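Inside the fold
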Amino acid sequence: MSRFVVFDCDGTLVDGQAAICETMELAFANAGLVAPERNKVRRIVGLSLPYALRELAPEASDDQRHAVVEAYKLGYRDLRLSGALREPLFEGIAALIDELDAEGRLLGVATGKSDRGLHACLDTHGIKHRFVSLQTADRHPSKPHPAMLEAALDDAGVSPADAVMIGDTSFDMEMAVAAGVRAIGVSWGYHEPQELFDTGASAVAETAQQLGDLIRGPA
């Protein structure tokens, strides 16, 4: 049984696609750069911002990429403070979290979000208290480096064999493999199911209910 369930946030728990793409476009414009296509932006969700910008703007200078990162942070903060930020939980996720918590499982988050962004998101949905570990890009190398997942395991006091990582991108799956943790993908996020299988997913859930069944299944 997986005693500790670690979730990615964007694309797994919440749908922040529109806000991410719109804020990135504004950040590029503020830095005087042409914004990448939205499909490319969706592909890098889950990476830390500096790492993501190396993927999105490989020809830009370090100063230009830094300017985009700072503009993105400010834009996202302003969107949140204005009340216009929309990051709804995916269908069935709230109920799944309730069920897993009631079963006595420990829950955690490992995300490319900032500390401030993650806390605000979870507070909005009233679920932050459910998680015993919140790991973000502010304190760790970008996924797929296993540091944030390893820190989550330490917080929960469990071994990799007693944990499962839930995510929507290949970065999540690769991080889990690097940490020796079972990986389960979800189909409603940013990478295709086959990509998740190719990078280490033991299964890919189509619905939150199916995800719960997979978590409860044999490790």
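Note: the structure precedes this text.
So, here's what we can say about the structure. If you're wondering where the values come from, they're calculated on a predicted model, not measured in any experiment.

Looking at the environment of L100
With respect to the element layout, L100 can be found in helix 5 (residues 93-102). For L100, a relative accessible area of 0% gives the class buried. L100 sits 96 residues away from F4 along the chain, and the two C-alpha atoms are 9.6 Å apart. Aside from chain neighbours lying at most four places away, what touches L100 is V5, F7, R105, L107, I215 and R216.

Considerations on the pairing of strand 4 (residues 163-167)
Counting buried positions along strand 4 yields five of five residues, so the element is predominantly enclosed. By the alternation rule, side chains of strand 4 split into A163, M165 and G167 and V164 and I166, which are all buried. Of the strand pairs in this sheet, strand 1 (residues 4-7) and strand 4 are connected by four bridges, and their pairing is parallel. Of the residues in strand 4, the one forming a bridge with F4 is A163. Two strands pair when backbone bridges link them, and strand 4 and strand 5 (residues 182-186) are joined in this way by four bridges, in the parallel orientation. Within strand 5, the position partnered with V164 by the bridge is R182. Between the parallel pair strand 4 and strand 5, the chain is carried across by helix 8 (residues 170-179), and the sense of this crossover is right-handed.

Description of the environment of R216
Relative to the helices and strands, R216 resides in helix 10 (residues 208-216). According to the relative accessible area criterion, R216 is partly exposed, its value standing at 30%. Taking the C-alpha atoms as reference points, R216 and S2, separated by 214 residues in sequence, lie 6.9 Å from one another. Ignoring anything within four residues of it in the chain, the contact list for R216 reads L96, E99, L100, E103 and R105. Of note is the side chain of R216, whose polar atom sits 2.7 Å from the side chain of E103.

A few points about the pattern of salt bridges
Taken as a whole, this structure holds 17 salt bridges when the rule is applied. Here the salt bridges do not stand alone but share partners, grouping E99, E103, R105, D213 and R216 into one network.

Comments concerning unusual backbone geometry
Here the residue pair K143 and P144 is connected by a cis peptide bond, since its omega of 10° sits within 30 degrees of zero. In this structure, P144 sits in the loop between strand 3 (131-135) and helix 7 (147-156).

Observations concerning helix 6 (residues 115-124)
Residues of helix 6 that are buried include every one of G117, L118, A120, C121 and L122, and no others. Structurally, helix 6 contributes buried residues whose contacts are with helix 4 (62-81), strand 2 (106-110) and strand 3. Residue G126 follows helix 6 closely and has a positive phi angle near 65°.

Some points on the sheet that holds strand 1
Taken in spatial order, the six strands line up as 3-2-1-4-5-6 in an open sheet, and their pairing is parallel. Looking at strand neighbours, the two that pair on one side only are strand 3 and strand 6 (203-205), the edges of this open sheet. Ignoring strand direction, the axes of neighbouring strands in this sheet form an average angle of 25°. Both strand 5 and strand 6 contribute to a ladder of three bridges, which runs parallel.

Definitions and limits used
- Residues numbered from 1 in each chain as written.
- Predicted model: local features only at pLDDT ≥ 70, side-chain atom pairs only at ≥ 80, totals over all residues.
- Heavy atoms only, no water.
- Helix = DSSP H or I, 4+ residues; strand = E, 2+ residues; numbered from the N terminus.
- Buried < 20%, exposed > 50% of the residue type's maximum accessible area, 1.4 Å probe, protein only.
- Contact = heavy atoms within 4.5 Å.
- Pairing = 2+ DSSP bridges.
- Right-handed = clockwise from strand over helix to strand, strands pointing away.
- Polar contact = N/O pair within 3.5 Å; in protein donor to acceptor, adjacent residues only side chain to side chain.
- Salt bridge = Lys/Arg side-chain N within 4 Å of Asp/Glu carboxyl O.
- Axes fitted to C-alpha atoms, helices over the stretch in contact; angles between N-to-C directions.

Any functional reading would require information beyond the geometric quantities listed.
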